[in-house]
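A closer look at the structure
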Amino acid sequence: MTAPAELAEIVGEHRVSVHPQDLHRHSGDRSPAALLARRMGRRLARPLCVVRPRTTKHVAQIVEWANATKTPLVPYGGGSGVTDGIRPDRAVVVELRAMNEIRDFDEKSRLVRAECGVLGSDLDNALHGWGFMLGHQPQSIQISTVGGWVSTGAVGQLSSRYGGIEDLVAGMEAVLPDGRIVRTKGTPRTATGPDVASLLIGAEGTLGIVTEVTLRVSALPPARLDLCVRFEHMAEGVAACRKIAQEDLDPTMMRLYDRDDAAIFLRNHPDEPRDPFMILSFEGFDAPARMEEAFRLARGERGNDSLVDHWWVHRNDLVHEYLNLMDGTGLLGPHAMVETMEVSARWSDLRDVYHAMKDALGAQADIVGCHLSHHYIDGACLYFSIGSACDSDDDAAAKLESWWEAGMSACIEAGGSISHHHGIGRRRARWLPTELGGWWDVLVALKKTLDPNGIMNPGALGL
Ligand SMILES: Cc1cc2nc3c(=O)[nH]c(=O)nc-3n(C[C@H](O)[C@H](O)[C@H](O)COP(=O)(O)OP(=O)(O)OC[C@H]3O[C@@H](n4cnc5c(N)ncnc54)[C@H](O)[C@@H]3O)c2cc1C
């Protein structure tokens, strides 16, 4: 029997697809490399079939079958990943969107238990109906899933207040590479040995399939207060971000744009000055006083506060603009190449990482904007947006490779971490051993122990 026929016996014929369009659609993620290959009409690695489990038991049976037949499996959530983490060469794609139920809402404990394939915006909308919201608000919320968030170690735009996905995950159910189903208890904190379940956060499908996630949720906040501050130099803005992050001011959102990123942000606001600027929002207890103190600490000039509202309204528009740019119908013309590199650095290294990457990338691309998008007491995320109107698609492909070489080398040399939230996939895999040092061997040993047949998303994370 063929792989699709054997899988049909497990999940039913209607849950296995070999339709050419289905295979094409699931042959890659939304990384620039995959989108460029599509634009160039290059054939991407086609999966053997797409299987759509409906239950955790289905997932376990599929994984058992894969082990018995030594067939690679590639989990697929929303396919919104941007690191080339999905390349199902002679593999079966396990498309998880049919597992889309909210299994439980514990209002008293503020916990929602959702199947892995629930789309972020569907879960958030459901919570709104009950007066709650997800603290996790990635730009890709409409095209990404709960299981994908956990598997990539994602971070939402409101992380300053609510934290990254690792702070919001209270429990998990998963299927390990041998088909075993494991669950965590979902209590607020434990001191019960190493947090082994957290191995699946950021594992990108290499250590198992996350089938259910329990997330901490928040009450819908009362009115929001917005603040915009302008600076003459980026360094003044960085100092402001650090001071605000290190005080007890708790902005819901805080972003600082450098001059080049300001030009991207303000492309539809020709009258606004292109100085570095910061936007912040405050909600909840004592918000006016916290905002006033943030402005005092920032020591900048009051900017146009309506830009903050503009950000809230249009914060997810870039999803479509990015896809338009990459299919050659956007502002950068038919051979456009755009990429993002989000890295992190301690405050003491941040200036070096910023300049090193800006110089290295700036020597090669038409546009290199940077903003600080997520802040911590000890440092921040530097988010670089890179773009060029290339001469040809081959030129675009070559530029992409040299941007990554230049950007990652500069980041590592200056003391930064190679990814803050997009993950590794295949794109960053060759820098991961350097990044992890001695922990790389531990990861390899774990992979060999848990997945001796190497069936789970081979190639992602370089494993
Ligand atoms: C325009 C745009 C904006 C974005 N904005 C953000 C942002 O604000 N913050 C952010 O963090 N990221 C962002 N991303 C990146 C992306 O949306 C995230 O990485 C997201 O978490 C991926 O979720 P997904 O469901 O689409 O996963 P997929 O792309 O389907 O998969 C990503 C990886 O996880 C694995 N995987 C998926 N589901 C499971 C599962 N249930 N169990 C095990 N492995 C699984 C896949 O095999 C793959 O390796 C953005 C992407 C785009 C295109």
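Okay, so let's go over this structure. (Residues numbered from 1 in each chain as written. Predicted model: local features only at pLDDT ≥ 70, side-chain atom pairs only at ≥ 80, totals over all residues. Heavy atoms only, no water.)

1. Description of the site of the ligand
Going by this rule: Here a residue counts as near a molecule or strand whenever at least one of its heavy atoms sits within 4 Å of it. In protein, a polar contact requires one atom able to donate a hydrogen and another able to accept it; more generally it is a pair of N or O atoms within 3.5 Å, and residues adjacent in sequence count only if both atoms are side-chain atoms. Note that accessible areas follow from Shrake-Rupley with a 1.4 Å probe, and for residues the cover is restricted to the protein chains shown. Each helix is a run of H or I in the DSSP string that is no shorter than four residues. Each strand is a run of E no shorter than two, and both are numbered from the N terminus. Think of it as three bins: nonpolar holds Ala, Val, Leu, Ile, Met, Phe, Trp, Tyr, Cys and Pro, charged holds Asp, Glu, Lys and Arg, and polar takes everything else, Gly as well. By convention here, the domain bounds are inherited from an automatic or database domain assignment.
The environment of the ligand is formed by 35 residues, the closest being Pro75, Gly77, Ser80, Ser140 and Thr145. Measuring from an oxygen atom of the ligand, one finds a backbone N or O atom of Gln139 at 2.9 Å. Between the ligand and the protein, one listed contact pairs a nitrogen atom with a backbone N or O atom of Val155 at 2.8 Å. Protein contacts shield 96% of the accessible area of the ligand, which totals 970 Å² for the unbound molecule. Elements represented by at least two residues in the shell around the ligand include exactly β3 (73-76), α6 (146-152), β10 (209-219) and α13 (318-326). Of all the elements, α6 adds the most residues to the shell around the ligand, at five residues. By residue class, the composition of the shell around the ligand is 15 nonpolar, 19 polar and one charged. Here the shell around the ligand spans two domains, and each of domain 1 (3-97) and domain 2 (102-219) adds at least three residues to it.

2. Quick look at the nonpolar core
Note on soluble globular proteins: their nonpolar side chains tend to be buried together. Rules: The nonpolar core is taken to be a set of buried Ala, Val, Leu, Ile, Met, Phe, Trp, Tyr and Cys residues, with the residues joined through side-chain atoms within 4.5 Å. Note on exposure labels: buried denotes an accessible area under 20% of the residue type's maximum, exposed denotes more than 50%, and partly exposed covers the range between, all computed with a 1.4 Å probe on protein chains only. Two residues form a contact once any of their heavy atoms are found within 4.5 Å.
Counting 64 residues, the largest nonpolar core has Met278, Leu280, Met341, Met357, Leu372, Leu382 and Phe384 as its most contacted members. When residues in this core are grouped by element, the largest group, seven residues, is from helix α15 (residues 393-413). Those residues in contact with Leu382 that sit more than four places away from it in its chain are Met341, Glu342, Val343, Ala345, Leu350, Val353, Tyr354, Cys370, His371 and Leu372. Grouped together as the second largest cluster of nonpolar side chains are 25 residues, Val150, Ile165, Ala174 and Leu207 included.

3. Looking at the sheet that holds β3
This is how it is decided: In this scheme, strands are said to pair when DSSP sees at least two bridges between them. Only the contacting stretch of a helix is used when fitting its axis, a line to C-alpha atoms as for every element, and angles between N-to-C directions run 0 to 180 degrees.
Read across the open sheet, the four strands follow the order β1-β2-β4-β3; overall the sheet is mixed. Each of the sheet's edge strands pairs with one partner strand only, and the pair in question is β1 (16-17) and β3. The pairing of strand β2 (residues 49-51) with strand β4 (residues 92-95) spans three bridges and is parallel. Bridging across to β4, Val51 finds its partner in Val94. The sheet contacts of helix α4 (residues 56-69) involve β2, β3 and β4, and relative to β3 the element is tilted by about 155°.

4. Side note on the sheet that holds strand β15 (residues 336-346)
Sheet architecture is open: seven strands sit in the order β14-β11-β13-β12-β16-β17-β15, paired in antiparallel fashion. Taken across any chain shown, the strands that pair with only one partner, and hence form the sheet edges, are β14 (301-302) and β15. For strand β12 (residues 253-257) and strand β13 (residues 277-282), the ladder comprises five bridges, and the chain directions are antiparallel. By the bridge assignment for β13, Arg255 is matched with Ile279. Helix-sheet contacts for α15 involve β15 and β17 (379-389), and the interaxial angle to β15 is about 10°.

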